[in-house]
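What the coordinates show
Okay, here's what each chain looks like letter by letter:
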Amino acid sequence: MQRRNRLSRSRDFDAVYQHGRSVSTRFLTLWAYERNEPVGDPRLGFAVPRAVGNAVIRNRIKRQLREIVRGRLEGAPALNDYVLIVRPGLPEAAEANGHEWLTARVDEVFGKAAA
């Protein structure tokens, strides 16, 4: 993901949580917020709590999700900010079921958000 597509500031995350809406699946929660001012491209941030695993596991799942989401942001509205929250159990399930399964879970949560 390019820098312009990343949420990095705490206040941006807080705005998404306070003013956005969320959709959830078993392993992922997606918060979406439509900004009032045009900043440019859609932006995405990841939240992977410590309950998911140690730093190695958390960083590995973030890298995998970043790769999956990279192409999906191109079709998203330019005014949207997203926060993708990983729930405990996802890294183990992704390891057991493979990359295609993880891609399907990401598509599922983005599909629910679009509906």
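Residues numbered from 1 in each chain as written. Predicted model: local features only at pLDDT ≥ 70, side-chain atom pairs only at ≥ 80, totals over all residues. Heavy atoms only, no water.

**Concerning helix α1 (residues 10-19)**
Regarding α1, the residues found buried are Asp-12, Phe-13 and Val-16. What you see down the axis of α1 is that its buried residues fit within an arc of 100°, all on one side. Turned more than 90 degrees from where α1 packs its buried face, Ser-10, Arg-11, Gln-18 and His-19 sit exposed. For α1, the secondary structure elements touched by its buried residues are β2 (28-34), β3 (43-47) and β4 (80-86). (Buried < 20%, exposed > 50% of the residue type's maximum accessible area, 1.4 Å probe, protein only. Helix = DSSP H or I, 4+ residues; strand = E, 2+ residues; numbered from the N terminus. Arc of directions from axis to C-beta. Contact = heavy atoms within 4.5 Å.)

**Describing the pairing of strand β1 (residues 21-24)**
Every regular strand shows the same layout, with side chains that alternate between the two sheet faces. Looking at chain direction, β1 and β2 are connected through four bridges and run antiparallel. The residue of β2 that forms the bridge with Ser-24 is Thr-29. Here β1 hands over to β2 after three residues, the two strands then running antiparallel side by side. (Pairing = 2+ DSSP bridges.)

**Digging into the packing of aromatic side chains**
The final tally for this structure, using the stated rule, is three aromatic pairs. Ring geometry for Tyr-17 against Trp-31: centres 5.7 Å apart, planes inclined by 85°, an arrangement best described as edge-to-face. Residue Tyr-17 is found in helix α1, and its partner Trp-31 is found in strand β2; the two are separated by 14 residues along the sequence. Tyr-17 gets classed as partly exposed once you look at its relative accessible area, which sits at 30%. (Phe/Tyr/Trp six-rings, centres within 6.5 Å; stacked < 30°, edge-to-face > 60°.)

**Here we look at the packing of helix α2 (residues 55-69) against helix α4 (residues 99-114)**
To characterise two packed helices, one gives the angle between the axes of the helices and the distance between these axes. Taken N-terminus to C-terminus, the directions of α2 and α4 make an angle of 65°; their axes are 10 Å apart at the nearest point. For the pair α2 and α4, the sense of crossing is right-handed. Two secondary-structure elements touch here, α2 through Ile-61, Gln-64, Leu-65, Ile-68 and Val-69 and α4 through His-99, Leu-102, Thr-103, Val-106 and Phe-110. Of the residues contributing to the contact of α2 with α4, the split by class is seven nonpolar, three polar and no charged. (Axes fitted to C-alpha atoms, helices over the stretch in contact; angles between N-to-C directions. Left-handed = near helix turned anticlockwise from the far one by under 90°. Nonpolar A, V, L, I, M, F, W, Y, C, P; charged D, E, K, R; others polar.)

**Here we look at the environment of Ala-104**
Within the secondary structure layout, Ala-104 lies in helix α4. In sequence terms Ala-104 and Arg-60 are 44 residues apart; their C-alpha atoms lie 18 Å from each other.

**Describing the pairing of β4**
In terms of burial, β4 is largely enclosed, as seven of its seven residues are buried. What you see with β4 is no split at all: Asn-80, Tyr-82, Leu-84 and Val-86 on one side and Asp-81, Val-83 and Ile-85 on the other are buried throughout. The sheet contact formed by β2 and β4 spans seven bridges and is antiparallel. Directly across from Leu-30, in β4, lies its bridge partner Leu-84. With five bridges joining them, β3 and β4 adopt parallel strand pairing. Counted as the bridge partner of Phe-46 is Leu-84 from β4.

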